[in-house]
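Listed here are the chains, written in short residue letters.
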Amino acid sequence: MANSVDVVLLRNRRRRRRRILKLSIVLVIAGIILLIYVKRDLWFPQLEGIGSRYQNVARNEEAEAEGVFELNISGGIDYETDFINNNLFILYDKYLYIYSTDGTELDRRQHAYGNALMEVAGNRALIYSSNGTSFRVDSANKMIYEETVDYPILFATISNDGYVGIVTESDTYACRLNIYDPNGNRIYKRECVERLMNLSFYGNGCIFSTISASDGELQTSLQYITFDSDSVQWETDPLSTLSVEIYALPDGGAFVIGDTKAAYYSSTGALVGSYDYNAALTDYAYLDGKAAVLLKNEERRQSVLMLFSDRTSAPECVSFDSILKNVIIDDETVYVLGGGQISSFAFSGQEMKGLTINDAYERILKYGKYFYLLGYDKIHRTEIN
């Protein structure tokens, strides 16, 4: 009898030890999962690179030469880049990379936005989730703030002074306009009965474009509002084009780049002049009241560069026997990319010294004495001779 009791006790003890062991294993696994979750911001950037670690931005040490460096961008994902002071900002996949002008990586910041887009002005970059509800503002040193909105973001912009405009969808209106001050405080909200297409800050307010249709034709109107009033300060008559971008002029007027024409407006919203395109819009650039519009004729394999120096005169036009890709403005000079070179022009239309390039680049940036050539999978810096 005693032996039978001993056997039962031993079995019970073994079963109890197994239960304790199983419970301990479950608790350990649960603890590991909890630790991974708590430390997810540290773990996930490392884990997500497994199987796709080639998708990054890295300096190509083999391309080093005096005045030259090259950044390789892998993975075939679109990227955006621009300068803030002497820092090169690159928005790529789930990261914001910050490089010095000589190609030294200064910072790498992760974001969780799908379809992320970047706008740069002054000393700040606005990063937002297209069709998402989050946005953030970064400087070269840190992320300044991050906010969420109630509805999906249609588009966003930032001013040189750090004010942010966020245009979102709305349940009851065509869209909603939200304005944030440089500290991230929302200072203005407007429910809009017409769809906003573009926005440009001026003074204590902004100029925005709306889109409508008449007799099957798209039309653009501009309105100027101030953030201390619900009233519209001025509004333009409809212009028969779809606005692609608008810019507030230094005196409070506006310059509109449409898909079929460009136009100047006065500080009271009066149309000063409009200029039809004779070809398809390819690219455009604007700086301090001056603009350059690049057009192309695919059938004839030709391009036209329209140079707008001010609203008192018609634009100068320069023709090319090749398809050009990109135009930028730096100080008083216009640079166009295409045909195996970077050509430069004064706003008078006079051609200046150009630069021959040997590779297929899509866009260019200029900073100081260097061009930054932007290709599908690399950024190449070359010195201007």
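Asks: For this particular structure, what's the right way to read the overall build of the protein?
Replies: Assigned secondary structure in the protein consists of two helices and 33 strands. Taking all 385 residues of the protein together, the buried fraction comes to 46%. Within the protein, counting contacts between residues at least 6 apart in sequence, those at least 24 apart form 36% of the total. With an accessible surface of roughly 20,200 Å², the protein has 47% of that area assigned to carbon and sulfur atoms.

Asks: Please clarify how the environment of Gln233 should be interpreted in this entry.
Replies: Relative to the helices and strands, Gln233 is located in strand β18 (residues 232–235). Sequence spacing of Gln233 and Gly269 is 36 residues, and the spatial spacing of their C-alpha atoms is 9.3 Å. Setting aside residues up to four positions removed in sequence, Gln233 forms contacts with Tyr224, Ile225 and Thr226. A distance of 3.5 Å separates the side chain of Gln233 from the backbone oxygen of Ser231, its partner in a polar contact.

Asks: Help me out: how do you make sense of the sheet that holds strand β26 (residues 316–320) in this one?
Replies: Across a sheet, paired strands are connected by hydrogen bonds in the backbone, their directions being either parallel or antiparallel. The strand order across the open sheet built from four strands is β23-β24-β25-β26, with neighbouring strands paired in antiparallel fashion. The sheet is open, and its two edges are formed by β23 (280–287) and β26, each paired on a single side. Recorded for the sheet is a direction-independent mean angle of 15° between the axes of neighbouring strands. Judged from the seven bridges that link them, β23 and strand β24 (residues 290–297) form a sheet pairing that is antiparallel. Residue pairing in the sheet places Tyr284 in a bridge with Val293 of β24.

Asks: What should I look at first to understand the pattern of salt bridges in this one?
Replies: Where charged atoms of side chains with opposite charge meet at close range, the side chains can pair. For the structure on display, the rule yields 14 salt bridges. Close ionic contact of Lys290 with Glu332 constitutes a salt bridge, the shortest N to O distance being 3.8 Å. With Lys290 in strand β24 and Glu332 in the loop between β27 (324–330) and β28 (333–338), this pair connects stretches of sequence that are 42 residues apart. Overlapping salt bridges, with partners in common, bring together Asp107, Arg109, Arg136 and Asp138 in one network.

Asks: Before we go on, may I ask you to explain unusual backbone geometry in this structure?
Replies: With glycine set apart, most residues show a phi of negative sign, and most peptide bonds adopt trans. With a phi angle near 55°, Asp93 is a residue other than glycine that sits in the positive phi range. Counting through the fold element by element, Asp93 comes out in the loop between β4 (87–92) and β5 (95–100). For Asp93, a relative accessible area of 31% corresponds to the partly exposed category.

Asks: Please explain the nonpolar core as it appears in this structure.
Replies: In summary, soluble globular proteins display a tendency toward joint burial of nonpolar side chains. By size, the foremost hydrophobic cluster in this structure holds 27 residues, and its most contacted members are Leu126, Phe135, Val164, Ile166, Leu177, Leu196 and Cys206. Secondary-structure elements contributing two or more residues to this core are β8 (124–129), β9 (134–138), β11 (153–158), β12 (164–168), β13 (175–180), β14 (186–192), β15 (196–202) and β16 (205–214). In contact with Cys206, not counting residues within four places along its chain, are Leu177, Leu199, Ser200, Phe201, Gln223, Tyr224, Ile225 and Phe227.

Asks: It is not clear to me how the state of the cysteines should be interpreted in this structure. Could you clarify?
Replies: For the coordinates displayed, the defined rule picks out zero disulfides. Cysteine Cys175 remains unbridged, with the sulfur of Cys192 as its closest cysteine sulfur at 4.2 Å. Judged by its relative accessible area of 0%, Cys175 is buried. You can see Cys206 has no disulfide; the closest cysteine sulfur is in Cys192, sitting 8.9 Å from it.

Asks: Would you mind going over the pairing of β11 with me for this structure?
Replies: Successive residues of a regular strand alternate their side chains across the two faces of the sheet. Most of β11 sits out of view: five of its six residues are buried. Bridging between β11 and β12 involves five bridges; their strand directions are antiparallel. Each bridged residue has a counterpart across the sheet, and for Thr157 the counterpart in β12 is Gly165. Hairpin connection of β11 to β12: five residues between the antiparallel strands, including Gly162 at a positive phi of 95°.

Asks: Just checking my understanding: could you explain the side chain of Thr241 for this structure?
Replies: Within the secondary structure layout, Thr241 lies in the loop between β18 and β19 (243–248). Residue Thr241 is classed as buried on the basis of its relative accessible area, which comes to 2%. In this structure the side chain of Thr241 is engaged in a polar contact, spanning 3.0 Å, whose partner is the side chain of Thr260. With residues near it in sequence (within four places) discarded, Thr241 still touches Ile211, Leu218, Gln219, Thr220, Gly258, Asp259, Thr260 and Lys261.

Asks: I tried to follow the pairing of strand β6 (residues 105–110) on my own but got confused; where do I start?
Replies: The pairing of β5 with β6 spans five bridges and is antiparallel. Looking at β6, one finds that Tyr97 is bridged to Arg108. Between β5 and β6, which pair antiparallel in sequence order, lie four residues; one of them, Gly103, sits at a positive phi of approximately 90°.

Asks: Before we go on, may I ask you to explain the sheet that holds β27 in this structure?
Replies: In spatial order, the strands read β27-β28-β29-β30; together these four strands make up an open sheet with antiparallel pairing. The open sheet terminates on both sides in strands that have one partner only, identified here as β27 and β30 (351–356). Ignoring which end each strand starts from, the neighbouring axes of this sheet average 20° apart. Inspection of the sheet shows β28 paired to strand β29 (residues 341–346) by six bridges, in the antiparallel sense. In the sheet register, Val334 faces β29, and the bridge partner there is Phe345.

Criteria and cut-off values
- Residues numbered from 1 in each chain as written.
- Predicted model: local features only at pLDDT ≥ 70, side-chain atom pairs only at ≥ 80, totals over all residues.
- Heavy atoms only, no water.
- Helix = DSSP H or I, 4+ residues; strand = E, 2+ residues; numbered from the N terminus.
- Buried < 20%, exposed > 50% of the residue type's maximum accessible area, 1.4 Å probe, protein only.
- Contact = heavy atoms within 4.5 Å.
- Areas by Shrake-Rupley, 256 points an atom, 1.4 Å probe, with all protein chains shown as cover.
- Polar contact = N/O pair within 3.5 Å; in protein donor to acceptor, adjacent residues only side chain to side chain.
- Pairing = 2+ DSSP bridges.
- Axes fitted to C-alpha atoms, helices over the stretch in contact; angles between N-to-C directions.
- Salt bridge = Lys/Arg side-chain N within 4 Å of Asp/Glu carboxyl O.
- Core = buried A, V, L, I, M, F, W, Y, C linked by side-chain atoms within 4.5 Å.
- Disulfide = S-S within 2.5 Å.

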